[in-house]
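# Remarks on the overall topology
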Amino acid sequence: MRNKEMSVTDWLLLYFALFLVVTCVPGLLHGQRITNSIVGIVTDESGGVVPEADVTATNRLTGVRYTTVKTDSVGYYVITELPQGEYAVQVVKSGFKTFTRAGIGVSVNETARIDVKLSVGSTSQRIDVIGGSPLVDSESALEKTEIGHSEITELPSSVSGGRSVLDFTQLAPGLTSNNGQQYGNNNYSVNGSPEDTQTAMVDGANLVGPGTGQWYALRPMVEEVASVNVQTASYKAEYGGMGAFNMTTLSGTNRFHGAGNFFYSPQAWESRNFFSAATAPAHSREWGFNFGGPIIKNKLFFSVTYDRWTFLHSYPVISTVPTSQMDQGNFSAVPTTIYDPMTTCGEYGNPACATNAQGQPIITRQAFQNNTIPTGRLDPVAQKLIQYFPAPNLPGVSNNYTNAANSSGTGTGVAPYFDAKVDFNLNEKNRLFGRVEWTAPYQNGNANFPGPAANGFAQTDANDEWSIIIGDTHTFNSHWVNEFRANYLYGTTKAIGTWGLNKDIDGAVGLSNLSGRDFPQVSIGGLLNMV
């Protein structure tokens, strides 16, 4: 049985079905347009327009030819939905020499204008132009900064905090960030806008959780990024937010290519914290690779990336813990007077308080002798909780403890990352791509105190995040082009292995009817919390 080519109606029905699937399945996010265009006017040597000329764009690295379009009645042509890359534009018209211009670089969301002047002659005769004047996007008022692959891979970046492609976005004028987290929100602000109100995309798929404003940990690795496009003003409504970050990843080409990296920051290069007696344990190591090439030349391409970052860091924290005298109720070293609440006037059967001229009560009570609470008045729960806190290791009664001298001040972690991308040029009218991305950052947190008193500050956070992107660009004719793109995001975070988590400390100290199994938090009005 002979295969029948799908009609325009068939394609529209297929896309409508896909639309219903994407909008009805939870977790699927719509993507934004990330492809580009080449436009221009074709004229003859006298300046007259040339209609019905055939214009074709060919990607230099993949050899993929994009749908031939014809110039209209005024010589104008538009080639849309071009992936980022370097192109050659060819113009063919009977009665004129074939014109080819190579070296046309097209970036994300850019419209390159290439006007062509044909010379009279045979189509077998050729005029080849390589390079030319730098392209200016004269078709859009968009204010943007393009950060290319060479800049991203060759400019230095910090390995101690985890190398991140987002570090380079701050090269864009008007963009600021007060944070440097590789796997969290970076608190970006564009031209004074509120923080974290931007749209962030990788290969056209949203990186921000729907309705949350929170960034997923899935960030492309530095070596696999083809470019970062930062849009700060006059961007299209499809992006929303107060600015847009467009990141595109490398695709395979007709030649095998790859890159590897290894970065190491040893403890010997770390400086001593001002509050630490010695340099705290710290080191960072990252290695990875990107490799891509053809599966079928001019047809099917792949690109694979792996990266692994391991680290150990310490954050000294100064805290206040009770001294051994305080444990026994002796607060004589504290300059603040401690009163016996049982002697407060008007309470516990005591005489009423005197009043002032305005009729307001004058609160009176008696101070504990020598600022010492009798042993029999100490709360048994408090006495048991105190046992979980370390003794002071600094002088004084306040700011007398630092975690810099013990393992509780040290956090470790590992962040593996994997990405695989496939591009398929089905035919001149249909181009498909798919990308699978996975990361699982695993981090042991720092704690102010050792043991159960560390509570959630010492917990281990285990993340597992996936992103699956599919896309199809279909050209129906020279006037109708459809780009379909969908992304599925999945992410979980689990707190495991915490000293104070999932242990019945409440019952051990004599507390009951409390929710959860964390270390109890003690708060007293007007004072800092114990934990």
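Residues numbered from 1 in each chain as written. Predicted model: local features only at pLDDT ≥ 70, side-chain atom pairs only at ≥ 80, totals over all residues. Heavy atoms only, no water.

So, on to the sheet that holds strand β4 (residues 65-70). Strand order in the open sheet made by the five strands is β4-β3-β6-β7-β10, with mixed pairing throughout. Unpaired on one side and paired on the other, β4 and β10 (126-130) mark the two borders of the sheet. Within this sheet the neighbouring strands show an average axis-to-axis angle of 20°, counted without direction. Bridge count for strand β7 (residues 98-106) against β10 is five bridges, and the pairing is parallel. Within β10, the residue paired with phenylalanine 99 across the bridge is isoleucine 127. (Pairing = 2+ DSSP bridges. Helix = DSSP H or I, 4+ residues; strand = E, 2+ residues; numbered from the N terminus. Axes fitted to C-alpha atoms, helices over the stretch in contact; angles between N-to-C directions.)

Inspection of every chain in the model, using the stated rule, returns one cavity of 30 Å³ or more. The computed volume of the largest cavity comes to approximately 40 Å³. Contributing to the lining of the largest cavity are 11 residues, with Val202, Asn206, Leu207, Ser467 and Asn487 lying nearest its centre. Only β15 (205-206), β26 (430-439), β28 (460-475) and β29 (481-496) provide two or more residues apiece to the lining of the largest cavity. (1 Å grid on protein atoms, 1.4 Å probe; cavity = no way out; pocket = protein on both sides within 12 Å on 5 of 7 lines; lining within 4 Å. Points joined across faces, edges and corners; volume = space filled by probe spheres on them.)

Next up on the list: the nonpolar core. Among the nonpolar cores identified, the biggest contains 24 residues, and Ile38, Tyr77, Val91 and Leu118 are the most heavily contacted of them. Mapped by element, the contributors of at least two residues to this core are β2 (36-43), β3 (54-59), β4, β5 (76-82), β6 (85-92) and β7. Counting 18 residues, the second largest nonpolar core, distinct from the first, contains Leu175, Tyr188, Val190 and Ala200. (Core = buried A, V, L, I, M, F, W, Y, C linked by side-chain atoms within 4.5 Å. Buried < 20%, exposed > 50% of the residue type's maximum accessible area, 1.4 Å probe, protein only.)

A few words on the packing of aromatic side chains. Under the criterion given, the structure shown has eight aromatic pairs. With a centroid separation of 6.4 Å and an interplanar angle of 55°, the aromatic rings of phenylalanine 256 and phenylalanine 302 are classed as tilted. Residue phenylalanine 256 is located in the loop between β17 (244-249) and β18 (257-265), and its partner phenylalanine 302 is located in strand β20 (residues 300-314); the two are separated by 46 residues in the primary sequence. Judged by its relative accessible area of 54%, phenylalanine 256 falls in the exposed class. In this structure phenylalanine 302 comes out as buried when scored by relative accessible area, which is 19%. Ring centres of tryptophan 287 and tyrosine 306 lie 5.5 Å apart, and the angle between their planes is 50°; this geometry places the pair in the tilted category. Taken together, the residues tryptophan 287 in strand β19 (residues 283-296) and tyrosine 306 in strand β20 connect sequence positions 19 residues apart. The partly exposed category is assigned to tryptophan 287, whose relative accessible area is 38%. In textbook terms, an aromatic cluster arises when at least three aromatic residues are bridged by ring pairs, as seen for Phe256, Phe291 and Phe302. (Phe/Tyr/Trp six-rings, centres within 6.5 Å; stacked < 30°, edge-to-face > 60°.)

This part is about unusual backbone geometry. Glycine aside, residues mostly have negative phi, and peptide bonds are mostly found in the trans state. With a phi angle near 55°, tyrosine 348 is a residue other than glycine that sits in the positive phi range. Secondary-structure assignment places tyrosine 348 in the loop between α3 (324-327) and β22 (354-355). Here asparagine 399, not a glycine, exhibits a phi torsion of approximately 45°, which is positive. With respect to the helices and strands, asparagine 399 occurs in the loop between α4 (380-386) and β24 (401-402).

Purely spatial values, then, with no claim about function.
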